[in-house]
Amino acid sequence: MAKRLSRDAEAADMPAEDVSGTGAAAEAVAEVGQGAKDGLWNKFKKTDFARNFKRNWTYLLFLIPAVVVTFIFAYIPIYGLLIAFQDYMPGDSILHGYWIGIDNFKEFFGNYVFWNLMGNTFLLCILGFIIGFPLPIIVALMLNSTKNKKLSKLLQTLFNGPHFISLVVLVGMLYLFFGRYGLVNNIIESAGGERYSFFLEAEAFRPMYILSSNWQDFGWSSIVYLAALSGVDTAQHEAATIDGASRFQRVLHVDFPAIAPIVSVMLIMSIGGLMGVGYEKVLLMQTDGNLETSEIIATYVYKQGIKNLRQGYATAVGLFNSVINLVLLVIANTVSRKFSENSLF
Amino acid sequence: MTTATENISERVQKHEKQKKHHVKESKGDRVYYAIVYIILALLAIIVVYPLYFVVIASFSSADAVLAGKVYLFPVDIDFTGYIRCFERTDIWIGYGNTIWYTAAYTILSVVFTVTAAWALSRKTLPFRRFFMIFFTITMFFGGGLIPFYKVVSDLGMLDNPLSIILPGTVSAWNLFMAKTFFQTGVPDSIIEAAELDGANRLRLFVSVILPLSMPIVAVLALYYAVGQWNSYFNAMIFLTDQNLYPLQLVLKEILTASESTTGGSGETILEQFRLANQLKYVTVIISSLPVFCIYPFVQKFFAQGVMVGSLKD
């Protein structure tokens, strides 16, 4: 899908019939910042851009609400990143702040928690990725190869279901199942084992986090592959069958190549999001007992910035995290463009 | 988009017809199918059992659940959890808040997204390239949590429902999904015909385009509504007045409350723990019920949305 984003954003050119009237065109000039000299003005009025603008400026009105909301809640925060370079106290003005250069970053890199946070963030994401990336592909290939389409639809409905459970409820269920007197411990005890406090042990955090995330989203993530699989040309399957290919061979050599482009786009995106783990869920699962593995960069930002009010420092840490993400995304995109024809941008 | 889905279903039908002509399966194929069906069956059990367990645990007696007597069927049926849940006013205040936050947020989001997507889908939109980049950037880079928090608090929205309703009304992903819909799903001939009739853009949009775009409106409304219904984080950082708490925030306090925070003598602790535990099962059900009641009916729309999003031009 993302391929489309950049490609069709071509400059609009459209011949227009009428060149009279100046109201709309004048606005165009104002926006482009052209001078109002007579000769230039007349020349400008005849450009494709001016004609098109006069004809189609009303489309801009449709964009106003979305642009305003995006500007306020996505672009002003980008401007607010400046406080990462300040000794900022809540209430200070950004422009007249106390600039301290990269001291906030230095403090973070020198902090004893730095390597622990980096390690936790990377490990949680990479382990999650190793299971979470192939699973939906395998499930989609299996669902697609079943002969009974009704059964396949029913299974898809079941598998998609957990996606709609809220994080709070999901983590609540984890507490219920893995609590000291929960279902899992009851099973462990009746099997002769000892009760285990999953939520108070650092080593249990990652498996619980990753497996529950997969439980919730493997079905949902497989939809995009199923959609691609439904477009596979049946003639290819016929030909392969005539050549004596088994069903499994057809999955490998017909179905999988058909979804390979989508797989690589999804791969780029998940590598770009590698350090952007869902802190909302991590935060819910944190206890004093598992902080050693469950404290990641994003939860640290939340605690420093919103609880301890060290906003400049927390912003620097957050900025560091998003820059890593962006770099990873660009690398993944470049590599993918080099070795295949698929890229996001 | 309708053409695309028709195309897909046509292909599926063709596929099925052709499958009937297949000759006997080879031994290898039978092994393959056996493995596939076993794995799928296991996955189905793994997905369904936890949900099923929550349901039966919610109306079994608290003691039976804690003692591990409940596995497949409810034991000592007991509705005290439900009764206690109905007595909790905070849950119902949260429910009411969530309903109105979700409604307001969904309406704003859909209006903002659909209008902008319509404009972006027009090749003749002035500065189109600029606006595409403007929205695309937000998908890959942002200011992060603290600057976002600062903007909301600088606008004086702390402890104000607007902080829940306004931010996030335009998601670039949904915007581009809707844009693709307009590009592939609304024939240019219809637009040209309407413009020749002299209809102005707003009238064209309301009377011609909107009726044609109900599928995408449905998908967007569902995406935004479920997202808002299930979110807790913004409410947690922006709201301190408990009367404004949405349901998820109330649930967070009930469900993730530590197991050992209650005081009192040994017996009351145990009693409180039993009751709290049962209440948790009940609240999981009560809070998820609306989403799961409509889920089977709307899930094809959700899936459609993902497909629209993945279509290539």
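Keep in mind it's a predicted model, so treat the numbers as computed, not measured.

## Some points on the overall build of chain B
- Check the secondary structure of chain B and you find 15 helices and 0 strands.
- In chain B, which comprises 313 residues, the share counted as buried stands at 37%.
- For chain B, long-range pairs separated by at least 24 residues make up 76% of all intrachain contacts whose partners lie at least 6 apart in sequence.

## Section: the overall build of chain A
- When helices and strands are counted, chain A shows 18 helices and 0 strands.
- Here chain A holds 345 residues, and the buried ones make up 35% of them.
- Taking the contacts inside chain A whose residues are at least 6 apart along the sequence as the reference set, 68% of them involve residues at least 24 apart.

## Looking at the nonpolar core
- In terms of nonpolar packing, the biggest core is built from 115 residues, with Val 301 and Val 317 of chain A together with Ala 116 and Ala 178 of chain B touching the most fellow members.
- Setting aside its immediate chain neighbours within four residues, Val 301 of chain A contacts Ala 314, Val 317 and Gly 318 of chain A together with Leu 145 and Ile 146 of chain B.
- If you look at the next biggest cluster of nonpolar residues, it comprises 24 residues, including Phe 218, Leu 229, Ile 259 and Ile 262 of chain A.

## Concerning the interface of chain A and chain B
- The interface of chain A with chain B comprises 87 residues on the first partner and 90 residues on the second.
- At 16 residues, the largest contribution of residues to the side of chain A that touches chain B is made by helix α5 (residues 58-80) of chain A.

## Quick word on the packing of helix α9 (residues 172-185) of chain B against helix α12 (residues 214-230) of chain B
Residues and elements named next belong to chain B.
- Interhelical geometry of α9 versus α12 gives an angle of 170 degrees and a closest axis separation of 10 Å. Our classification of the angle between α9 and α12 gives roughly antiparallel. Here Asn 174, Ala 178 and Phe 181 of α9 lie close against α12, whose contacting residues are Ile 216, Leu 220 and Tyr 223.
- Within the contact of α9 with α12, the residues separate by chemical class into 5 nonpolar, 1 polar and no charged.

## A look at the environment of Val 327 of chain A
- In this structure, Val 327 of chain A sits in helix α18 (residues 311-339).
- As a C-alpha pair, Val 327 of chain A and Gly 272 of chain A span 55 residues in sequence and 7.8 Å in three-dimensional space.

## Comments concerning helix α7 (residues 114-132) of chain A
Residue and element names in this part refer to chain A.
- Taking 1.5 Å per residue as the helical rise, α7 with its 19 residues ought to reach 27 Å, and the 26 Å between its terminal C-alpha atoms agrees with that figure.
- Burial in α7 covers these residues: Leu 117, Asn 120, Thr 121, Leu 124, Cys 125 and Gly 128. One side of α7 carries all its buried residues, which in axial view fall inside an arc of 110 degrees. Those residues of α7 that are exposed and angled more than 90 degrees off the buried face are Trp 115, Gly 119, Ile 126 and Ile 130.

## Comments concerning the environment of Arg 30 of chain B
- Of note, Arg 30 of chain B is situated in helix α2 (residues 27-58).
- Sequence separation between Arg 30 of chain B and Val 226 of chain B is 196 residues, and the spatial gap between their C-alpha atoms is 41 Å.

## Some details on helix α7 (residues 145-154) of chain B
- For α7 of chain B, a buried count of 8 out of 10 residues is recorded, marking the element as mostly surrounded by other parts of the structure.
- Leu 145, Ile 146, Pro 147, Phe 148, Tyr 149, Lys 150, Val 151 and Val 152 of chain B are the residues of α7 of chain B that are buried.
- Contacts made by the buried residues of α7 of chain B are with α5, α17 (297-307) and α18 of chain A together with α8 (162-165) and α13 (233-238) of chain B.
- Downstream of α7 of chain B by one or two residues, Gly 156 of chain B has phi in the positive range, about 70 degrees.

## Thoughts on unusual backbone geometry
Residue and element names in this part refer to chain B.
- Backbone geometry at Asp 76 places phi at a positive 50 degrees, although glycine is not the residue there.
- Even without glycine at this site, Asp 159 takes up a positive phi of about 60 degrees.
- When you line up the elements, Asp 159 lands in the loop between α7 and α8.
- Taking the number of C-beta atoms within 10 Å as the measure of exposure, Asp 159 has 12 and is therefore exposed.

## Quick notes on the confidence of the model for chain A
Residue and element names in this part refer to chain A.
- In the predicted model, chain A carries a mean pLDDT of 82, and the fraction of residues at 70 or more is 87%.
- Mean pLDDT per element in chain A: helix α1 (residues 2-7) is the minimum at 40, and helix α8 (residues 134-145) is the maximum at 93.
- Across residues 1-31 the pLDDT falls below 50, and counting only partners more than four positions away or on other chains, this stretch makes 49 contacts in the model.

## Describing the confidence of the model for chain B
Residue and element names in this part refer to chain B.
- When pLDDT is averaged across chain B, the result is 82; 83% of the residues are at 70 or more.
- The weakest mean pLDDT in chain B belongs to helix α1 (residues 2-20) at 57; the strongest belongs to α8 at 94.
- Taken as a whole, residues 259-264 scores under 50 in pLDDT and shows 6 contacts with residues more than four places along the chain or in a different chain.
- Both scores are given for the predicted complex: the pTM is 0.82, the ipTM 0.84.

## Details of the environment of Val 110 of chain B
Residue and element names in this part refer to chain B.
- Mapped onto the elements of the fold, Val 110 is located in helix α5 (residues 89-121).
- The exposure class of Val 110 is buried, given the 23 C-beta atoms found within 10 Å.
- Sequence separation between Val 110 and Leu 175 is 65 residues; the distance between their C-alpha atoms is 9.5 Å.

## Things to note about the packing of α18 of chain A against α7 of chain B
- For the pair α18 of chain A and α7 of chain B, the least separation of the axes is 7 Å and the interaxial angle reads 130 degrees. Comparing their axes, α7 of chain B and α18 of chain A come out oblique. Side by side, α18 of chain A and α7 of chain B meet where Gln 311, Ala 314, Thr 315 and Gly 318 of chain A of the first sit next to Leu 145, Ile 146, Pro 147 and Lys 150 of chain B of the second.
- When grouped by side-chain class, the residues that make up the contact of α18 of chain A with α7 of chain B number 4 nonpolar, 3 polar and 1 charged.

What counts and what doesn't
- Residues numbered from 1 in each chain as written.
- Chains lettered and ligands numbered in written order.
- Predicted model: local features only at pLDDT ≥ 70, side-chain atom pairs only at ≥ 80, totals over all residues.
- Helix = DSSP H or I, 4+ residues; strand = E, 2+ residues; numbered from the N terminus.
- Buried ≥ 20, exposed ≤ 12 C-beta atoms within 10 Å, placed from the backbone.
- Contact = placed C-beta atoms within 7 Å.
- Core = buried A, V, L, I, M, F, W, Y, C linked by C-beta atoms within 7 Å.
- Axes fitted to C-alpha atoms, helices over the stretch in contact; angles between N-to-C directions.
- Parallel < 35°, antiparallel > 145°, perpendicular 65-115°, else oblique.
- Nonpolar A, V, L, I, M, F, W, Y, C, P; charged D, E, K, R; others polar.
- Expected span 1.5 Å × (residues − 1).
- Arc of directions from axis to C-beta.
- pLDDT = per-residue confidence, 0-100.

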